[in-house]
Structures are given as C-alpha cells and as structure tokens.
Amino acid sequence: TAVAHAVHAMIGWLFGEGVAGADLHAGLADDGDYAFVAVQFRPRVIWATIAGYSDEIERGVAVFRSEFRRAATSGAYADLPYLATHAITLAALHGDALLMDEVISRLAVGDEAADAGSVGVAGRLGAMSRAVRLGGFSQARVLGAQALARVNWRRATLVATRVAGALGELELALGNYR
C-alpha cells in the first residue's frame, strides 16, 4: 500500500539510503484520502518531510502549507502540532516568514476552538522559532516558558519535549552552558 511504501522510504532515507526521485514525485502527488492514518504516517506527509529536509525544500514547504491549511480549516486539530512543527521549521529554513506567521496565528485560533493543549504549545514553539530567527532571544525564552507552563505532559509530550530542547539549544547558542 501507499502507506507502507512511504514508511519504508522514510526508514531508508533516515538510514542514509536515499530515495528515488520518481518515488518522491509520485508520493508528493498522491492526494489519496488517508484521514484514517495518523498524520505522521500519511504518505504525502512522509514524502513532504523527505523532500523538505532534502534538496526539494520548496515542494516540502508547499505540501506542509496545504496539509496544515486543510487540517486547520477542517477542524483536524490533533494533526496541527505535528504539521505545524515541520511547516515552521521548513518555512524558517526556506525563509518563508509569511508561512511561519500563518501557522502561528492559525494555531492560536485552533487552540481556542479545540481546547487541545498541544496545539497551543506548538503555536508557542512556532512563535519561539520565529523570535529566535529574528534575534528576539528574550521573547523566545518567554514563549518557551509559557509553552512549558501550560503543557499537559500526558497529551503533548512530543511537542513539549521539542520546546524544552529548543530552550536548551537557545541557551547553548547564547553561551549559557550551566
């Protein structure tokens, strides 16, 4: 199936085996309905991850943009933190400040509408990433602290761990080794 093929490709890519260009392009074009599959295992999302962190960043950004918009407008709030994390990271790597701002603002709306703690934490992580890239280190610390203060560790462990890691990286980058 498409899911198994994409997961197999992701595992191979993570272990440095590379991915055939034809497979990548076919996977990115797959618009099948995989709503029943966890977002991180949907073929198009896997292929976008491979593309975005490889040499086809524009295609990866485009897919994450459309998948994030689809989830935000359809009320698929559980998908937002995962999609937002990659959308914001790829947007930052690509220099797409508009996408970063869109993701952050939509996460704020989704958090109010869904009462999903991980959505708000992901939004603060995105805002934190944006602040760091613009040199707002103090603001990034505040956003990170807010995210950690409101996290439900049973529901948002992955996103919270990323926030804690981002705060640690920020401090190391600023020369604070204690």
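Structural data are supplied above this passage.
A brief structural summary. (Residues numbered from 1 in each chain as written. Predicted model: local features only at pLDDT ≥ 70, side-chain atom pairs only at ≥ 80, totals over all residues. Heavy atoms only, no water.)

A closer look at the pattern of salt bridges
Next up, step 1: For the coordinates displayed, the defined rule picks out six salt bridges.
Next up, step 2: A salt bridge links R44 to E67; the nearest nitrogen and oxygen atoms lie 3.0 Å apart. One end of the pair, R44, is in helix α3 (residues 43-52); the other, E67, is in helix α4 (residues 57-74), and 23 residues separate them in sequence.
Next up, step 3: Residue R44 is classed as buried on the basis of its relative accessible area, which comes to 18%.
Next up, step 4: The residue D79 makes a salt bridge to R70 at a minimum N-O spacing of 3.7 Å.
Next up, step 5: You can call D79 buried: its relative accessible area is 10%.
Next up, step 6: With a relative accessible area of 32%, R70 lands in the partly exposed category.
Next up, step 7: Via salt bridges that share partners, R42, R44, E67, R70 and D79 belong to a single interconnected network. (Salt bridge = Lys/Arg side-chain N within 4 Å of Asp/Glu carboxyl O. Helix = DSSP H or I, 4+ residues; strand = E, 2+ residues; numbered from the N terminus. Buried < 20%, exposed > 50% of the residue type's maximum accessible area, 1.4 Å probe, protein only.)

Re the packing of α3 against α4
Next up, step 1: Closest axis-to-axis distance for the α3/α4 pair is 7 Å, and the angle between their directions is 145°. Here α3 and α4 pass one another in a crossing that is left-handed. Judged by residue contacts, R44, V45, A48, T49, A51 and G52 of α3 engage I57, G60, V63, F64, S66 and E67 from α4.
Next up, step 2: Classifying every residue of the contact of α3 with α4 gives six nonpolar, four polar and two charged. (Axes fitted to C-alpha atoms, helices over the stretch in contact; angles between N-to-C directions. Left-handed = near helix turned anticlockwise from the far one by under 90°. Contact = heavy atoms within 4.5 Å. Nonpolar A, V, L, I, M, F, W, Y, C, P; charged D, E, K, R; others polar.)

Some details on the environment of G144
Next up, step 1: The topology assignment puts G144 in helix α8 (residues 137-150).
Next up, step 2: Along the sequence, G144 and A127 sit 17 residues apart, while their C-alpha atoms lie 8.9 Å from each other.
Next up, step 3: Those residues in contact with G144 that lie beyond four places of it in its chain are M128, V163 and L167.

So, helix α1 (residues 2-14)
Next up, step 1: Given a rise of 1.5 Å per residue, 13 residues ought to cover 18 Å, and the 18 Å separating the end C-alpha atoms of α1 matches this to within 8%.
Next up, step 2: Inspection of α1 places A6, A9, M10 and G12 among the buried residues, and these make up the whole buried set. One side of α1 carries all its buried residues, which in axial view fall inside an arc of 165°. Looking at α1, the residues exposed on the side facing more than 90 degrees away from the buried face are H8 and L14.
Next up, step 3: Structurally, α1 contributes buried residues whose contacts are with α3.
Next up, step 4: Of the residues one or two after α1, G16 is the one with positive phi, at around 80°. (Expected span 1.5 Å × (residues − 1). Arc of directions from axis to C-beta.)

Looking at a nonpolar patch on the surface
Next up, step 1: Together, I11, L14 and F15 give the surface a local cluster of nonpolar side chains, amounting to about 370 Å² of exposed area.
Next up, step 2: Residue position: F15 is located in the loop between α1 and α2 (21-29).
Next up, step 3: Residue classification places F15 among the exposed residues on the basis of a relative accessible area of 67%. (Patch = residues over 30% accessible without salt bridge, like charges linked within 9 Å, V, L, I, M, F, W, Y side chains within 5 Å. Areas by Shrake-Rupley, 256 points an atom, 1.4 Å probe, with all protein chains shown as cover.)

Concerning α8
Because each turn of an α-helix spans 3.6 residues, side chains separated by three or four positions end up pointing in the same direction.
Next up, step 1: Taking 1.5 Å of rise per residue, 14 residues should cover 20 Å, and α8 covers 20 Å from first to last C-alpha, within 8% of that figure.
Next up, step 2: Those residues of α8 lying buried are A140, L143, G144 and A147. The buried side chains of α8 occupy one side of the element, clustering within an arc of 100° when seen end-on. In α8, the exposed positions angled more than 90 degrees off the buried face are occupied by S138 and A149.

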